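Now for the letters of each chain:
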Amino acid sequence: IYVSESAIYLTQSDGEEDESRTLIHGFEASSGLAYLGSGAVGGHLWGRGEVDFRMSEHQGYLRVVSTKHIGPWDAEDSIDHQLSVLKISPDSLDLDLVATLPNSNRPDKIGKPDESLYGVRFFGDTLYLVTFETIDPLYVLDLSNPPLKSTVLKAALVTFNLIFFLRISLLKITFLRLGKNLRFV
């Protein structure tokens, strides 16, 4: 369940492995709970905690980060992550898929091969993702243009080799890093 100021979204996992998807059903956050529509994204909203932060509504767009298993667990790359942006259709009871990452304009995967997704935070037009394999990289994505065209998408990579902590409040974002090897890409 994800609740924004204007809507309530219920999710339902469907399928397994590379055929997995998450069904999303939207309802107006009012006393009547009017049905707004349904849609689907590839993968599941599961992971090692923080599943509740994988959805965010901002300026009429629902942003969702999902994970899909694409191969055997012992494969060199068995996990893919995807950002999906949906919008309630004005003409039907659908949550229309507006954009995804990766996409044809920006085909780079989110994270390196076989990295699990450990942290997701949306803050306004910015998405912060922390993956993990042997280091904890932080990916920062600019979501100010919902179609996610390559000309407006920016990413920075910060690597941490000990501890990562991200705290977002209404007024600021704080990063606490212990260790070394800070680099921006």
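Residues numbered from 1 in each chain as written. Predicted model: local features only at pLDDT ≥ 70, side-chain atom pairs only at ≥ 80, totals over all residues. Heavy atoms only, no water.

Which residues make up the overall build of the chain, and what are the values?
For the chain, the count of helices and strands is zero helices and 14 strands. Taken from N to C terminus, the helices and strands of the chain fall in the order β-β-β-β-β-β-β-β-β-β-β-β-β-β. Considering only intrachain contacts with a sequence separation of at least 6, the fraction spanning at least 24 residues in the chain is 41%. (Helix = DSSP H or I, 4+ residues; strand = E, 2+ residues; numbered from the N terminus. Contact = heavy atoms within 4.5 Å.)

Before we move on, could you go through the pairing of strand 3 (residues 21-28) and cite the residues and values that matter?
Look at any regular strand and the pattern is simple: side chains alternate between the two faces of the sheet. Pairing analysis gives eight bridges linking strand 2 (residues 7-14) to strand 3, with the strands arranged antiparallel. Counted as the bridge partner of alanine 7 is glutamate 28 from strand 3. Remark: six residues form the turn of the hairpin made by strand 2 and strand 3, two consecutive strands paired antiparallel; glycine 15 in that turn has positive phi of roughly 85°. Here strand 3 runs beside strand 4 (residues 35-42); their pairing, made up of seven bridges, is antiparallel. Pairing of isoleucine 24 across the sheet is with glycine 39, part of strand 4. (Pairing = 2+ DSSP bridges.)

Mind laying out the packing of aromatic side chains, listing which residues take part and the relevant values?
For any two aromatic rings, the description comes down to two numbers: the centre-to-centre distance and the angle of the planes. Summed over all chains, the structure comprises two aromatic pairs. Positioned above the aromatic ring of tyrosine 61 is the side chain of lysine 87, whose terminal nitrogen or guanidinium carbon lies 4.6 Å from the ring centre. Across the ring face of phenylalanine 53, the terminal group of arginine 121 is positioned such that the distance to the ring centre comes to 3.9 Å. (Phe/Tyr/Trp six-rings, centres within 6.5 Å; stacked < 30°, edge-to-face > 60°. Lys NZ or Arg CZ within 6 Å of the ring centre and 35° of its normal.)

Outline the sheet that holds strand 1 (residues 2-3), listing residues and values.
If you trace the four strands from one edge of the open sheet to the other, you get 1-2-3-4, paired in antiparallel fashion. Each of the sheet's edge strands pairs with one partner strand only, and the pair in question is strand 1 and strand 4. Sheet analysis places strand 1 next to strand 2, joined by two bridges and oriented antiparallel. By the bridge assignment for strand 2, tyrosine 2 is matched with tyrosine 9.

Got a sec to walk through the side chain of threonine 67? Specific residues and values, please.
The topology assignment puts threonine 67 in strand 6 (residues 61-69). Looking at threonine 67, the relative accessible area reads 3%, which means it is buried. A polar side-chain atom of threonine 67 sits 2.9 Å from a polar atom in the side chain of histidine 81. (Buried < 20%, exposed > 50% of the residue type's maximum accessible area, 1.4 Å probe, protein only. Polar contact = N/O pair within 3.5 Å; in protein donor to acceptor, adjacent residues only side chain to side chain.)

How would you summarise the pattern of salt bridges if you had to cite specific residues and measurements?
Evaluated as defined, the whole model comprises two salt bridges. Between arginine 21 and aspartate 14 there is a salt bridge, with the nearest N and O atoms lying 2.8 Å from each other. Its relative accessible area of 36% is what places arginine 21 among the partly exposed residues. Aspartate 80 serves as the salt-bridge partner of lysine 109, at 3.1 Å between the closest nitrogen and oxygen. Of this pair, lysine 109 sits in the loop between strand 8 (95-101) and strand 9 (116-123) while aspartate 80 sits in strand 7 (residues 79-88), and the two are 29 residues apart along the sequence. The partly exposed category is assigned to lysine 109, whose relative accessible area is 41%. (Salt bridge = Lys/Arg side-chain N within 4 Å of Asp/Glu carboxyl O.)

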